[in-house]
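Chain and residue survey
Listed here are the chains, written in short residue letters.
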Amino acid sequence: MFGYGAILGGGIGRDLRFGVMKLYDTRARAAVDVAPHDGSTLTLYACGPTVYRFAHVGNVRTFLLTDLIARAAALASYKIKIVQNITDVGHMIDDTGLGGADEGQGDTEDKLLAQSRTENKSALDIARFYEAAFHTDLARLNIRPANSYPRASETIGLMITLISTLIDRGHAYIGGDGSVFFDARSCADYGAISGNRLDALKPGHRFDGETDPNKRFHADWALWKFAPSTRTQLVWETPWGVGFPGWHTECSAMSIDQLGDHIDIHTGGIDLRFPHHEDERAQSNAFAEHDVVKHWVHAEHLLFEGRKMSKSTGNVVLVQDVIDRGFDPLALRLSFLGSRYRTQIDLTWDSIAAADAQLKKWRQRTSNVAGGVVDDSAKQAFTAAFLDDLDTPRALQVLRDVEKSSMSDADKAAFILWADESLGLDLDRPADVVDIPLEVQQLSDKRAAAREAKNWAASDELRDQIAALGWEVRDTAGGQELSAK
Ligand SMILES: [Zn+2]
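I will try to describe carefully the structure that is included in this document. A quick note: this is a predicted structure, and the numbers were derived from the prediction, not measured.

1. Quick word on helix α6 (residues 247-259)
Helix length check: α6 (13 residues) gives 19 Å between terminal C-alpha atoms against 18 Å at 1.5 Å per residue, within 8%. Every buried residue belonging to α6 is among Trp-247, His-248, Thr-249, Glu-250, Cys-251, Ser-252, Ala-253, Met-254, Ser-255, Ile-256, Gln-258 and Leu-259, and all of these are buried. Taken from the residues just after α6, Gly-260 is the one with a positive phi, measuring 85°.

Written as structure tokens, this is what we have:
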């Protein structure tokens, strides 16, 4: 498998008939034009996983966003460089990532250390195991690898440099216990992403800062955290004493180190808008002395069978669970593509089954058919949809329209294969379960059209013709399914 850098072309020959690349920018609260700051290569930083457990399918949907942006960039003839961090220290169980005197202990323990105790392994063993699982899940969904995956625990030196600079410039201060805090009031436009205002963030609401004598202001957060003597793993020596980094610090340091201080796109799940991205933005801008990230782009959450996916309700579905039920994991990818990345979806086992059947159908269409030509107007419609803030539902509709059109089977196959460069569904793979003869497939297509026109007599007649060829057709939620009798 190739990374993005290896396969994408340069900025020459951009075809403006397809429109410009647009993404919904959370800070601008609008879909805006996106182009590389240097005229050729988009830079993208994606908030990566905290590697203390398997990613669930909702997390995977968030990671897919980065891959879709990269594929849109290819359609726009932009190169792209992607960095995705691996958080293996500093992400607290309370999940707000806020600084506080008690962090590192009790109910705000480091997620890695808590899991290390549960599994009776070292924190780094936990981290490497779940990091490998993360890469496996990405590959299963055809999410192409980023250019690099820096680990927080291996970039501590960078964070110390960042924090020292922020202290020198008066944006950060050392608290009484040796923790270092960011001075929230030193960021003039704090809240630009999430809409939160400092004067509206009351102590005791989401911040426990009013009881922390080390902070000057309740909304300040820890860049570096003092480690209690009971903490023996994931601690480092610094000019301020022994401790560990705050989660937000990691992303500022790794993004600027790897991509420089002009980053075109920063992605993450919608829950990261506040405080994670807000705090990261304040730190990065104070360090670079200008706005570092141009566009903040967020992926929406999903429900599964109508319920929020969470461990506490027992409603957690992994990619492995999808495979264990006999589905192609790319059925999950197709299910996600059926909605735009920033709309909440309700994923169900039925919708995954329908997507699985659809994949087989499209793979069947491309099997043993060659010599077709990609229709230019279909290509234009598909590209315009994909570039328009990743409107994948509209792009898939173009594919369905091509299927129903009067194009030759070879031309349909050529278009499906061309579109798959952006969809990433392995539609060139042989249809692996049944090899449906072309004649049967064609009758089945006619029957689908007849059913859509509510021509039940024709539908029954076609069912008989299919049966005469030794095949049985069943009508399911995902469309017709064919099986040999
Ligand atoms: Zn992050």
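Back to the write-up after that little detour.
2. Digging into the sheet that holds strand β14 (residues 345-347)
Spatially, β13-β12-β14 is the arrangement adopted by the three strands of the open sheet, whose pairing is mixed. Every interior strand has two partners, whereas the edge strands, β13 (307-308) and β14, have only one.

3. Quick look at the sheet that holds strand β4 (residues 79-84)
Taken together, the four strands give an open sheet; going across it, the order is β4-β3-β10-β11, and neighbouring strands pair in parallel fashion. In the strand order of this sheet, the two ends are held by β4 and β11 (293-299), each with one partner. Pairs of neighbouring strands in the sheet enclose a mean axial angle of 25°, with direction left out of account. By the bridge criterion, six bridges tie strand β10 (residues 263-269) to β11 in an arrangement that is parallel. Along β11, the bridge assignment pairs Ile-263 with Val-293. Against the sheet, α6 contacts β3 (41-46), β4 and β10, and its axis sits at roughly 150° relative to β4.

4. A closer look at the packing of helix α11 (residues 376-387) against helix α12 (residues 392-404)
Following both chains from N to C, one finds α11 and α12 inclined at 160°, their axes separated by 8 Å at the closest point. Classified by the interaxial angle, the pair formed by α11 and α12 is roughly antiparallel. The interaxial crossing formed by α11 with α12 has left-handed handedness. Facing Ala-378, Ala-381, Phe-382, Ala-385 and Phe-386 of α11, the residues of α12 in contact are Arg-394, Ala-395, Val-398 and Val-402.

How each quantity is defined
- Residues numbered from 1 in each chain as written.
- Predicted model: local features only at pLDDT ≥ 70, side-chain atom pairs only at ≥ 80, totals over all residues.
- Helix = DSSP H or I, 4+ residues; strand = E, 2+ residues; numbered from the N terminus.
- Expected span 1.5 Å × (residues − 1).
- Buried ≥ 20, exposed ≤ 12 C-beta atoms within 10 Å, placed from the backbone.
- Pairing = 2+ DSSP bridges.
- Axes fitted to C-alpha atoms, helices over the stretch in contact; angles between N-to-C directions.
- Contact = placed C-beta atoms within 7 Å.
- Parallel < 35°, antiparallel > 145°, perpendicular 65-115°, else oblique.
- Left-handed = near helix turned anticlockwise from the far one by under 90°.

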